[in-house]
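# Observations on the model geometry
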Amino acid sequence: ADLYVVVEDSAGKKATAADPTLVTTAAWTQWKIPLSTFAGVNLAKVKKLCLGVGDRKNPVAGGTGRIYIDDIQVARP
């Protein structure tokens, strides 16, 4: 299943980034998402950040496991 992040700005515009390999990786993994992935979203006015696993549009109950998330940040390369 994909690990995804959805960013929504104050105008309600949303963009999603997803990676299908992160939830099956046994070791800690850094996920670098280019800001261009969130084109159309005003990143200076982020209202919501949503993280999830699976298909966001068609969620299915019953997943098991743990995901540790830390150090969510925005930085220039």
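Before reading further, recall that the structure is shown in the block above.
Below you will find a few notes about this structure. (Residues numbered from 1 in each chain as written. Predicted model: local features only at pLDDT ≥ 70, side-chain atom pairs only at ≥ 80, totals over all residues. Heavy atoms only, no water.)

### Remarks on the pairing of strand 1 (residues 3-9)
Counting buried positions along strand 1 gives seven out of seven residues, so the element sits mostly inside the fold. Here strand 1 shows two buried faces, one formed by L3, V5, V7 and D9 and the other by Y4, V6 and E8. Looking at chain direction, strand 1 and strand 2 (residues 14-19) are connected through six bridges and run antiparallel. Residue pairing in the sheet places Y4 in a bridge with A18 of strand 2. (Buried < 20%, exposed > 50% of the residue type's maximum accessible area, 1.4 Å probe, protein only. Helix = DSSP H or I, 4+ residues; strand = E, 2+ residues; numbered from the N terminus. Pairing = 2+ DSSP bridges.)

### Examining the environment of Q30
Its place among the elements puts Q30 in the loop between strand 2 and strand 3 (46-53). When the C-alpha atoms of Q30 and D71 are compared, they prove to be 9.8 Å apart, with 41 residues separating the residues in sequence.

### What to know about the nonpolar core
Among soluble globular proteins, nonpolar side chains are generally buried collectively. Judged by nonpolar contacts, V5, V7, A15, A17, F38 and V41 together constitute the single largest core of six residues. Secondary-structure elements contributing two or more residues to this core are strand 1 and strand 2. The residues touching A15, leaving out its near neighbours within four places in the chain, are V5, V6, V7, T37, F38, A39 and V41. (Core = buried A, V, L, I, M, F, W, Y, C linked by side-chain atoms within 4.5 Å. Contact = heavy atoms within 4.5 Å.)

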